[in-house]
Amino acid sequence: MIDNNPVKLALAWIVPAVGATIFVTIQCFSYLNGYVSSGGTMQTITFGPAALWGVSVFYGAWVVPPLLALAGRRATDWGMLVLGGLLCLMSTLAGVSDGLRDGAHLVGLELLAVTLPGVVAAIMSWRHIRSN
């Protein structure tokens, strides 16, 4: 039996959002650790204003799928599935790319903290849409 509780669906989308936050935090500390251990000889990564805004908007968008789940309408359910799926896909691609550059432990963290819960949330969303 499929549960149609929108609160459980919203919680399912909050888990990959928290995982993305944890991933970015650990990625920043891993980069900082590598920079310090190299004695400052490693090339620094700098971001311009547009890149900082883009990162902020991207990670801020993770709050939208849980809010759409709480709305509980057919259109918002589809929006939740599409936006949440895109966020999960883009986070996976960016995380694996960054992990290959900065360390394999980040690839595992991305897959475990963002991709796996994102896929579970997408499956729950799809089942929710099909049952309504």
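Below is a summary of the structure that appears in this document. Just so it is clear, the structure is predicted and the values come from calculations on it, not from any experiment. (Residues numbered from 1 in each chain as written. Predicted model: local features only at pLDDT ≥ 70, side-chain atom pairs only at ≥ 80, totals over all residues. Heavy atoms only, no water.)

### Let's talk about the overall build of the protein
Quick reminder of the rule: Helix and strand definitions here come from DSSP, where helices need a minimum of 4 consecutive H or I residues and strands a minimum of 2 consecutive E residues; each element is numbered from the N-terminal end. Only heavy atoms matter for contacts: two residues are in contact if any of them lie within 4.5 Å across the pair. Only the protein chains shown count as cover for residues, and the accessible areas themselves come from Shrake-Rupley with a 1.4 Å probe. By the counting scheme adopted, Arg and Lys are positive, Glu and Asp are negative, and His together with the chain ends is not counted. Taken as the charge location is NZ of Lys, CZ of Arg, CG of Asp or CD of Glu.
Helix and strand content of the protein: five helices and zero strands. Starting at the N terminus and walking to the C terminus, you meet the elements of the protein as α-α-α-α-α. Its C-alpha atoms put the protein at 60 × 30 × 20 Å along the principal axes. Across the protein, contacts joining residues at least 24 apart in sequence account for 73% of those joining residues at least 6 apart. Of the roughly 8000 Å² that the protein leaves accessible, carbon and sulfur atoms contribute 73%. In the protein, which carries 6 positive and 5 negative side-chain charges, the distance between the mean positions of the two groups comes to 13 Å.

### Some thoughts on the pattern of salt bridges
Spelled out, the test is: For this analysis, a salt bridge means a side-chain nitrogen from Lys or Arg found within 4 Å of a carboxyl oxygen belonging to Asp or Glu. The cut-offs for exposure are 20% and 50% of the maximum accessible area for each residue type, with area from a 1.4 Å probe on protein chains only; residues under the lower value are buried, those over the upper are exposed, and the others partly exposed.
One pass over the full model with this rule turns up two salt bridges. For R101, the salt bridge identified is with D98, shortest N-O distance 3.5 Å. You can see R101 and its partner D98 sitting in helix α4 (residues 74-102), three residues apart, about one turn around the helix. Taking relative accessible area as the criterion, D98 reaches 19% and is therefore assigned buried.

### Focus: the environment of T76
Selection rule: Polar contact is the term for a pair of N or O atoms within 3.5 Å; when the atoms are in protein, one must be able to donate a hydrogen and the other to accept it, and sequence-neighboring residues count only if both atoms are side-chain atoms.
Locating T76 in the fold gives a position in helix α4. The spacing of T76 and W13 is 63 residues in sequence and 14 Å in space, taken between C-alpha atoms. If sequence neighbours within four positions are ignored, T76 has contacts with L68 and A71. Separated by 3.5 Å, the side chain of T76 and the backbone oxygen of L68 make a polar contact.

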